[in-house]
Amino acid sequence: MKFQVLFCAFAFIQLASGLDFEVTDPDKEDGPDTPAVQRIPDNFDLADKEFDIVNYHLITKRNELKRNCKRNHSNVVESITKEQLEKMWTSGAIGIHSPRALLRLMWWLNTIHHGIRGRVAHHDLNIEDFQISRSMEGKLCIEHIKNTAKRKLSVENDNDYTRNKGKCRAGMIATDGSERDPVRAFKVYLKHRPPGISSFYLTPKHKPKGDIWFNKVPMGKNSIGRIMREIKAVAGIN
């Protein structure tokens, strides 16, 4: 029985890879009527009764993974509805009122407006990868300019920003100046960052004193990867 189970598992792997193979049965003695080498037939079918044991264990393992919430494509991206986005704002999960909420908001804006995906891509961001400029309509906008010429960001004077000859590529354009204005949120984030730190995501202070809300310590990839789960937990989104 043990040999049959191992034989079935080995046959399954070999057939999945499209290889032809031969296997010797150690329980059978060599003789004129009993060949020592057995070849898998061409009409091999995993639905045959010989594979009931293997199929049973595969199904059992699959059901166990489902119970542990480890289904196929467990890391698939789920879309956020308008109602859920409103809960994110009203619950304080994102906003400019606290260091943690502001950090989550910057992650959300970079994901939505600049199309930055994955914790590694977010972790590799630097503050110099962004530029504040003006669109042809005169509105402030944020551009993601990674791997191009960079300039030092400043929030001192709005009139210092150059006017683009074309449309703002980023899509993060100033709106009404409220808390939900992405450009205002970006400028608030710049204001509360410590100077001289290149990494975009910094660890927030628990009880900040003064205008500096963040430590001079970059966030790790794992902490960045948990931001969306943290937002959903605070907002009460299942």
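Quantities reported herein were computed from a predicted structural model and do not represent experimental measurements.

Reading the values: rules and limits
Residues numbered from 1 in each chain as written. Predicted model: local features only at pLDDT ≥ 70, side-chain atom pairs only at ≥ 80, totals over all residues. Heavy atoms only, no water. Buried < 20%, exposed > 50% of the residue type's maximum accessible area, 1.4 Å probe, protein only. Helix = DSSP H or I, 4+ residues; strand = E, 2+ residues; numbered from the N terminus. Pairing = 2+ DSSP bridges. Salt bridge = Lys/Arg side-chain N within 4 Å of Asp/Glu carboxyl O. Contact = heavy atoms within 4.5 Å. Axes fitted to C-alpha atoms, helices over the stretch in contact; angles between N-to-C directions. Core = buried A, V, L, I, M, F, W, Y, C linked by side-chain atoms within 4.5 Å.

(A) Highlighting the pairing of strand 3 (residues 130–134). Burial analysis of strand 3 places five of its five residues in the buried class, which makes it a mostly covered element. What you see with strand 3 is no split at all: Phe130, Ile132 and Arg134 on one side and Gln131 and Ser133 on the other are buried throughout. Where strand 3 and strand 4 (residues 140–144) come together, five bridges link them in antiparallel fashion. For serine 133, the partnering residue across the bridge sits in strand 4 and is cysteine 141. As consecutive antiparallel partners, strand 3 and strand 4 are separated by five residues, and within that stretch glycine 138 has a phi angle of approximately 90 degrees, a positive value.

(B) Spatial organisation of the pattern of salt bridges. Applying the stated rule across the entire model yields three salt bridges. Note that glutamate 86 and arginine 180 form a salt bridge whose closest N and O atoms lie 3.1 Å from each other. Residue glutamate 86 is located in helix 3 (residues 82–90), and its partner arginine 180 is located in the loop between strand 5 (172–173) and helix 6 (182–191); the two are separated by 94 residues in the primary sequence. Residues joined in a network through salt bridges with shared partners are Arg100, Arg104 and Glu230.

(C) Main features of the sheet that holds strand 3. Taken together, the three strands give an open sheet; going across it, the order is 3-4-5, and neighbouring strands pair in antiparallel fashion. Single-partner strands in this sheet number two, and they are strand 3 and strand 5. In this fold helix 6 packs onto strand 3, strand 4 and strand 5, with an angle of close to 70 degrees to the strand it touches most, strand 4.

(D) Spatial organisation of the nonpolar core. One finds Leu102, Trp107, Phe186, Phe200, Tyr201 and Ile231 to be the most contacted residues of the largest nonpolar core, which totals 39 residues. Elements supplying a minimum of two residues to this core: helix 3, helix 4 (99–113), strand 3, strand 4, helix 6 and helix 8 (227–235). The leading source of residues in this core is helix 4, at seven residues.

So, to be careful, I would describe these as geometric facts and stop short of saying anything about function.
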